[in-house]
Every structure is written in structure tokens, then in C-alpha cells.
Amino acid sequence: MASYVIAITRAVSDAINNCELTHLTRERIDLDRARAQHRAYEHALETVAHCALVHVAPAPDLPDAVFVEDTALVVDEIAIITRPGAASRRPETAGVADVLRRYRELRYVEAPGTIDGGDVVVAGRRVFVGRSSRTNDHAIAQVRAILQPYGYEVVAVDVLGGLHLKSAATVVSANQLLVNPAWIPARAFTGLDLLEIDPQEPYAANILKAGGGYIYSLAFPRTADRLQRGGLQLDLIDMSELAKAEGAVTCCSLLLNSGK
Ligand code: CIR
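My aim in this report is to walk through the structure given alongside it, one point at a time.

Conventions we followed
Residues numbered from 1 in each chain as written. Predicted model: local features only at pLDDT ≥ 70, side-chain atom pairs only at ≥ 80, totals over all residues. Heavy atoms only, no water. Phe/Tyr/Trp six-rings, centres within 6.5 Å; stacked < 30°, edge-to-face > 60°. Helix = DSSP H or I, 4+ residues; strand = E, 2+ residues; numbered from the N terminus. Buried < 20%, exposed > 50% of the residue type's maximum accessible area, 1.4 Å probe, protein only. Lys NZ or Arg CZ within 6 Å of the ring centre and 35° of its normal. Near = heavy atom within 4 Å. Polar contact = N/O pair within 3.5 Å; in protein donor to acceptor, adjacent residues only side chain to side chain. Areas by Shrake-Rupley, 256 points an atom, 1.4 Å probe, with all protein chains shown as cover. 1 Å grid on protein atoms, 1.4 Å probe; cavity = no way out; pocket = protein on both sides within 12 Å on 5 of 7 lines; lining within 4 Å. Sits in = over half its atoms within 2 Å of the grid points. Nonpolar A, V, L, I, M, F, W, Y, C, P; charged D, E, K, R; others polar. Salt bridge = Lys/Arg side-chain N within 4 Å of Asp/Glu carboxyl O. Core = buried A, V, L, I, M, F, W, Y, C linked by side-chain atoms within 4.5 Å. Contact = heavy atoms within 4.5 Å. Pairing = 2+ DSSP bridges. Axes fitted to C-alpha atoms, helices over the stretch in contact; angles between N-to-C directions.

Considering the packing of aromatic side chains
No. 1: Enumeration according to the criterion identifies three aromatic pairs in this entry.
No. 2: Residues Phe-128 and Phe-189 carry aromatic rings whose centres are separated by 4.6 Å and whose planes lie at 45 degrees to one another, so their mutual orientation is tilted. One end of the pair, Phe-128, is in strand β7 (residues 126-131); the other, Phe-189, is in the loop between β10 (176-179) and β11 (193-196), with 61 residues separating them in the sequence.
No. 3: Among the residues examined, Phe-128 registers a relative accessible area of 0% and is labelled buried.
No. 4: With a centroid separation of 5.9 Å and an interplanar angle of 55 degrees, the aromatic rings of Tyr-216 and Phe-220 are classed as tilted. Like Tyr-216, the residue Phe-220 is buried in the burial classification.
No. 5: Note that Arg-125 overlies the ring of Tyr-152, its terminal NZ or CZ placed 4.0 Å from the centroid.

This is the structure in C-alpha cells:
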């Protein structure tokens, strides 16, 4: 069978108003609107990016459960279940592991390591891992030990702003990243082409490349314009409610190739 992309998602929790917040002031999240936006995101994954959706069982008591990206790091050969930096998020991993084990052999990050998947940027055989308030050197060393035998180079990068490395840098192609240069040390990405966001939109570096398409938030029109003028076809979606929980487009899915 031809290879396709599986997108793992999880419903918006009833408790999302108790989500972790690091940089933003708490604003009430409208649950119905958040769910409608999440459905539109899933629809884009199916229709624009041609992914096959797989749902993790809902976790109504886990406020941040919709942000599945943080619970695992998946490559073609293996999946690593994270140990999220926020203790409130650690119970999220079991449900995701139950789904991922259908597709990959699982490995686990162990204490004292902590890591959020939002800190991991995979560009070809290079895996950049952000050192952040969520991800520490113990976890980076564990990820390196797990991935090196499969031919991946793991590079630690200091996160200088935003919550995660993926707030500051995400993949456009195997050799090109969309970045906020103020939030990363650019020298860490030597050899890659760095496409800069519009400086008036500091949160704009998070783009989701999925299947053949790109899913992007309509909150960043200046950067979207730059990307479109560069030839990228964007599917623009409203993420305003999930953004109040410090979520962005990459956070709400885990993507994996079916045919390994
Ligand atoms: C958190 O602080 O953990 C959540 N409220 C937001 C997580 C966003 N995840 C991501 O960027 N990968």
C-alpha cells in the first residue's frame, strides 16, 4: 500500500480553562469556539494535507490534552514518549502511547529528564531540541542516545523566547525553516536556509507542513503574505481560542508516515 501521513489528534478538554500558561495572561476560552476551531483544523488535515486522522481517547480532566505534539517524538523508525516539563501534563502520555504503539516501537524519556515535543524540530536526519523551561539536558541526552543508532544527529538549541523551540522555528522543507530570529541562536542551524517571520508578528514562526500542504494561523497576515509570495500554498485557519492556551498549529497533532 502507498505511504500516507497519519495525524494523531485529541479532543479539546472540558477543563481547557485550567491549562498551563507561561507567557500569556489567562483569558476565558470559549469551549464551543475552541472545539469548532479544532474541528476545522482536523478538517484541514484531512482535506488539504490528505492525512488519515486517528483520535486518542478524550481526556476531559486533562486541561492541555489537545496539545498532543508535546507527548511524543515520532520518526520513521521509532516513537519516543516524552516526560512533559509541566507535571500537570504527564498523565497525557499514557493515552497517546496506547495509540502510537500500533505504529511504532516505543521508547520513553525517564526522570529526571523532562521534554515537551514542542521543543523538537526534525529536519531530515538532524533533530534540534530546545533547552527551555520544559526541556532539560537529561532528556536531550536520552533522546540522543535513543536516536543516534538510527543515524540522527541530535543538536541542543537554547530557546531564547516563546514557550518552545517550535514557537521560534518550524520546518518548511528538509533544508528550510521558518524562524523568529530573535528567539533562537541562528548559528545552531548552520547549513539550513532560515526564512524570517515579519518582526511585528513574534509568534508567527509556527507553521505545520502536513502531507502536501501547509496549515497556518490567520493571525499572522504579514508573515503569511511573505510565505505566499515565496510560493507556499497556505491553508489559513482561525486558532484564536487555542492560542489563548498558548497553543499553535503544530501543537494539535502528531504526524507520522504510515509506510515505514
Ligand atoms: C502548555 O503550556 O503546555 C499548554 N498550555 C500549551 C502547549 C502548546 N504546545 C506546543 O506548543 N507544542
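Remarks on the site of the ligand
No. 1: Neighbouring the ligand are 13 residues, the closest being Asp-64, Glu-69, Arg-134, Ala-245 and Cys-251.
No. 2: In the environment of the ligand, a nitrogen atom lies 2.8 Å from a nitrogen or oxygen atom belonging to the backbone of Glu-20.
No. 3: Take Arg-134: an N or O atom from its side chain is 2.8 Å from an oxygen atom of the ligand.
No. 4: For the ligand, the protein covers 97% of the area, taking 350 Å² as the surface of the free molecule.
No. 5: Judged by the proximity of its atoms to the pocket grid, the ligand belongs to the largest cavity.
No. 6: Residues of the shell around the ligand, tallied by class, amount to four nonpolar, two polar and seven charged.

As for the pattern of salt bridges
No. 1: On inspection of all chains with the given rule, the structure shows 15 salt bridges.
No. 2: Residues Arg-89 and Asp-70 are paired through a salt bridge, measuring 2.7 Å at the closest nitrogen-oxygen approach. Taken together, the residues Arg-89 in the loop between β4 (79-81) and α2 (93-100) and Asp-70 in the loop between β2 (52-55) and β3 (72-74) connect sequence positions 19 residues apart.
No. 3: Assessed through its relative accessible area of 4%, Arg-89 is described here as buried.
No. 4: Overall, Asp-70 belongs to the buried group, its relative accessible area being 3%.
No. 5: Within this structure, Arg-33, Asp-238, Glu-241 and Lys-244 form a network of salt bridges that share partners.

A closer look at the nonpolar core
No. 1: Residues Tyr-41, Leu-45, Ile-215 and Leu-242 are the most contacted members of the largest nonpolar core, which totals 24 residues.
No. 2: Elements with a contribution of two residues or more to this core: β1 (5-9), α1 (31-47) and β12 (208-210).
No. 3: Those residues in contact with Ile-215 that sit more than four places away from it in its chain are Tyr-41, Ala-44, Leu-45, Ile-207, Leu-208, Asp-235, Ile-237 and Val-249.
No. 4: In terms of nonpolar packing, the next biggest core, distinct from the first, is built from 17 residues, Ala-169, Val-171, Ile-184 and Leu-192 among them.

Describing the sheet that holds strand β15 (residues 254-257)
As a general point, the strands of a sheet are linked pairwise by backbone hydrogen bonds and lie either parallel or antiparallel.
No. 1: One open sheet accounts for three strands, arranged β2-β1-β15; its pairing is mixed. In the strand order of this sheet, the two ends are held by β2 and β15, each with one partner. With direction set aside, neighbouring strand axes in the sheet form an average angle of 30 degrees.
No. 2: Sheet topology places β1 next to β15; four bridges connect them, and they run antiparallel. Opposite Ile-6, over in β15, you have Leu-256 as the bridge partner.
No. 3: Along the sheet, α2 contacts β1, β2 and β15; its crossing angle with β15, the most-contacted strand, is approximately 15 degrees.

Quick look at the environment of Ile-81
No. 1: Among the secondary structure elements, Ile-81 is positioned in strand β4.
No. 2: Given a relative accessible area of 1%, Ile-81 falls into the buried group.
No. 3: For the pair Ile-81 and Asp-116, spaced 35 residues apart in sequence, the C-alpha separation works out to 9.5 Å.
No. 4: In this structure Ile-81 touches Thr-71, Ala-72, Thr-93, Ala-97, Leu-100, Leu-106, Arg-107, Tyr-108 and Val-109, once residues within four positions along its chain are discounted.

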